[in-house]
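Results of the structural survey
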Amino acid sequence: MTAFKADVIIVGAGLAGMVAAHEAVLRGRRVLLLDQEAPQSLGGQAFWSLGGLFMVNTPEQRRLGIRDSAELALSDWMGSAQFDRPEDANPRAYAERFVDWAAGDMRAWCYDIGMRWFPVVGWAERGGGLAGGHGNSVPRFHITWGTGTGVVAPFAKLMTRYAAAGQIKLGFRHRVTELVTTNGAITGMRGDILENSTAARGVSTSREVTGSFEHSAEAVVLTTGGIGGNHDIVRQHWPEDRLGKAPDRMVAGVPDYVDGKMHGIAAKAGAGLINEDRMWHYCEGLQNWNPIWPNHGIRVLPGPSSMWFDARGNRMEAPFLPGFDTLGTLKRILRAGEHSWFILTQKIIEKEFALSGSEQNPDLTDGGWRDVIKARLGKGATPAVEAFKQKGEDFVVADDLESLVAGMNRVTPDQPLDLDHIRTQIRARDLQLDNTFCKDAQVTAIRGARNYKGDKLIRTAKPHAILDRENGPLIAVRLNILTRKSLGGLHTDIEGRVLTPGSEVLPGLFAAGEVCGFGGGGYHGYNALEGTFLGGCLFSGRIAGQNA
């Protein structure tokens, strides 16, 4: 058995863990950073992300004519979070302080670390239609150059530097199975040492045990992520009263090591868990034709123009439009089945389709301006989108609607669609384009989006008739439910200390990142405004590292 004594042990070498380690080192603390995966997986889930950060009143926004403020952002956050439980006091406090940071020092802090941002700010989660309800009133989604890798890379470099200087000890392939308690305080952990792995990042790794460990410290910080890779736990906590029955078929937006096991290990040691029924899953999941992890799903990041139909072939009404209200749309989809459909044109896919993830956006991840212009403004969709269109099992392409619907029915024979019903709904929508005014909420939303320079430039196609052959071919995309984020977890106070089920401090134990709902036990409340997952890892990781 190996043993090591540190000032601080951090379990989980993802983004939140690395940020916590960085802050602890700045305080002169001797840090042990553990992870069950191999060194090539340093950075965890954040590596795979698009790298979007929720920031407020930035130079990028102002250059695009966007007027934002902390007051407006907090109004949007609270209207989205809809905090309504006694245990929401700490999550609410985290949310208030995060918005202050996002409108204050966040950009400068990230800039000093080494991050830079794509100049067009994205407008995610546009909301449900009321000023005081869910949604972003203005674009706030700042994509980091390098995507998720650009967020992770500065901290990975710091970890390597600190390790070389003896300020951090890195312990990969260490799987924690128990937290050690001494006189009511957490003083360390025990676990298994797994055999070395050369598997590529994200690929499932061996769980063969080659040894054991027991390490001790003054403080333990848990940054072990959520539950999205474990669909059994997702279904266990699924809020049927709010969203309906959990689908039997879902695709996984995260690797299988995102298994939620640390929640149970921490609870056994006396930690309290709250808001486990709050979760964030996407409606626009594709089965990856070139998977890295089991059941690998990729999310479509749609512009506003695709027509969205439920599994029965009924067009979904506002606010259940592309990019507006994720959980409201999820509930609406599940009323009719377990999947939904986009119907669009080649013009729409070229202008509006993007895929989430660093590996799906090589122009933003590894390239520069020339690559972005070629991929986003050149002829055709991006290479990644075209690959899914040609090889993905969820895509149907046809020159006419009869052939398109026949292809859709081959994909989902158990829920066939009626051609005449689909045609009637598309024709009604197309008739709304003859005037600059109309009664169709989606057409109005498309025109509204094009009033924003960023959307008009790279994200929103000029309104056009779906059934006009000049805009074709026609494309249909089956959309699956994609598991992604936990919005609840370990209950923490504003100093990052884990609390007991009775809301008392559990001495020696801290948490950051998704394992604590990105702060407090769920600082999003019921709804996320996007860019707030990576931002929450940065914010809560800083707090834990400054206090552990």
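If you're wondering where the values come from, they're calculated on a predicted model, not measured in any experiment.

**Topic: the overall build of the protein chain**
- Within the protein chain, the regular secondary structure consists of 19 helices and 20 strands.
- For 548 residues, the compact-globule formula gives about 24 Å, and the C-alpha radius of gyration of the protein chain, at 23 Å, lands near that figure.
- Projected onto its principal axes, the C-alpha positions of the protein chain cover 75 × 45 × 45 Å.
- The burial tally for the protein chain puts 63% of its 548 residues in the buried class.
- Counting only contacts in the protein chain whose residues sit at least 6 apart along the sequence, the fraction spanning at least 24 positions is 76%.
- Of the roughly 20600 Å² of accessible surface on the protein chain, 50% is carried by carbon and sulfur atoms.
- Averaging the coordinates of the 60 positive side-chain charges in the protein chain and doing the same for the 61 negative ones gives two points 5 Å apart.

**Regarding the pairing of strand S8 (residues 209-222)**
- Note that strand S1 (residues 5-11) and S8 share six bridges and pair parallel. Each residue of the ladder has a partner; that of Ile10, found in S8, is Val221.
- Looking at chain direction, strand S7 (residues 185-194) and S8 are connected through seven bridges and run antiparallel. Note on S8: the bridge partner recorded for Gly188 is Ser216.

**Structural notes on the pattern of salt bridges**
- Summed over the entire model, instances satisfying the criterion amount to 31 salt bridges.
- The salt bridge partner of Asp76 is Arg140, with a shortest N-O separation of 2.7 Å. You can see Asp76 sitting in helix H3 (residues 70-81) and its partner Arg140 sitting in the loop between helix H5 (106-113) and strand S4 (141-143), a full 64 residues away along the chain. Just as Asp76 is buried, Arg140 falls in that class too.
- The residue Glu530 makes a salt bridge to Arg299 at a minimum N-O spacing of 3.8 Å.

**Observations concerning the packing of helix H15 (residues 401-411) against helix H16 (residues 419-430)**
- Close contact between H15 and H16 brings their axes to 10 Å; oriented N to C, the two are set at 125°. Between H15 and H16, the crossing angle belongs to the class labelled oblique. The handedness of the crossing between H15 and H16 is right-handed. Within the contact between the two elements, H15 uses Leu401, Glu402 and Val405 and H16 uses Leu419, Ile422, Arg423 and Ile426.
- Its residues assigned to classes, the contact of H15 with H16 shows five nonpolar, no polar and two charged.

**A closer look at the environment of Ile193**
- When you line up the elements, Ile193 lands in strand S7.
- Since its relative accessible area comes to 17%, Ile193 is described here as buried.

**Quick notes on the packing of aromatic side chains**
- Summed over the entire model, instances satisfying the criterion amount to 19 aromatic pairs.
- Taking the centre distance of 5.7 Å and the plane angle of 85° together, the rings of Phe54 and Trp77 count as edge-to-face. Pair noted here: Phe54 is in strand S3 (residues 52-54) and Trp77 is in helix H3, with a separation of 23 residues, a long-range link. Accessibility assignment for this pair places Phe54 and Trp77 in one class, buried.
- Here Arg116 stacks its cationic end above the ring of Tyr111, 3.4 Å away from the centre of that ring.

**Some remarks on H3**
- Spanning twelve residues, H3 covers 16 Å between terminal C-alpha atoms, matching the ideal 16 Å at 1.5 Å per step.
- Lining the buried residues of H3 we find S3, helix H4 (89-102) and helix H19 (532-547).
- Among the residues trailing H3, Gln82 stands out with phi positive, at a value near 55°.

**Notes on unusual backbone geometry**
- In this model, Ala318 is joined to Pro319 through a cis peptide bond whose omega is 10°.
- That bond from Gly472 to Pro473 is cis: its omega, 10°, falls within 30 degrees of zero.
- Considering the arrangement of structural elements, one finds Pro473 in the loop between helix H18 (453-458) and strand S17 (474-486).
- Phi angles above zero are rare outside glycine, and Asn275 is one such case at about 55°.
- Note that Asn275 resides in the loop between strand S10 (273-274) and strand S11 (279-287).
- For Asn275, a relative accessible area of 4% puts it in the buried group.
- For Ser503, which is not glycine, the phi torsion reads 70° and is therefore positive.
- With respect to the secondary-structure elements, Ser503 resides in the loop between strand S19 (497-499) and strand S20 (505-511).

**Digging into the state of the cysteines**
- The final tally for this structure, using the stated rule, is zero disulfides.
- Cysteine Cys537 is unpaired, with the sulfur of Cys516 as its nearest cysteine sulfur at 8.7 Å.

Reading guide: rules and limits
- Residues numbered from 1 in each chain as written.
- Predicted model: local features only at pLDDT ≥ 70, side-chain atom pairs only at ≥ 80, totals over all residues.
- Heavy atoms only, no water.
- Helix = DSSP H or I, 4+ residues; strand = E, 2+ residues; numbered from the N terminus.
- Rg over C-alpha atoms; globule rule 2.2 N^0.38 Å.
- Buried < 20%, exposed > 50% of the residue type's maximum accessible area, 1.4 Å probe, protein only.
- Contact = heavy atoms within 4.5 Å.
- Areas by Shrake-Rupley, 256 points an atom, 1.4 Å probe, with all protein chains shown as cover.
- Lys, Arg positive; Asp, Glu negative; His and termini not counted.
- Charge placed at Lys NZ, Arg CZ, Asp CG, Glu CD.
- Pairing = 2+ DSSP bridges.
- Salt bridge = Lys/Arg side-chain N within 4 Å of Asp/Glu carboxyl O.
- Axes fitted to C-alpha atoms, helices over the stretch in contact; angles between N-to-C directions.
- Parallel < 35°, antiparallel > 145°, perpendicular 65-115°, else oblique.
- Left-handed = near helix turned anticlockwise from the far one by under 90°.
- Nonpolar A, V, L, I, M, F, W, Y, C, P; charged D, E, K, R; others polar.
- Phe/Tyr/Trp six-rings, centres within 6.5 Å; stacked < 30°, edge-to-face > 60°.
- Lys NZ or Arg CZ within 6 Å of the ring centre and 35° of its normal.
- Expected span 1.5 Å × (residues − 1).
- Disulfide = S-S within 2.5 Å.

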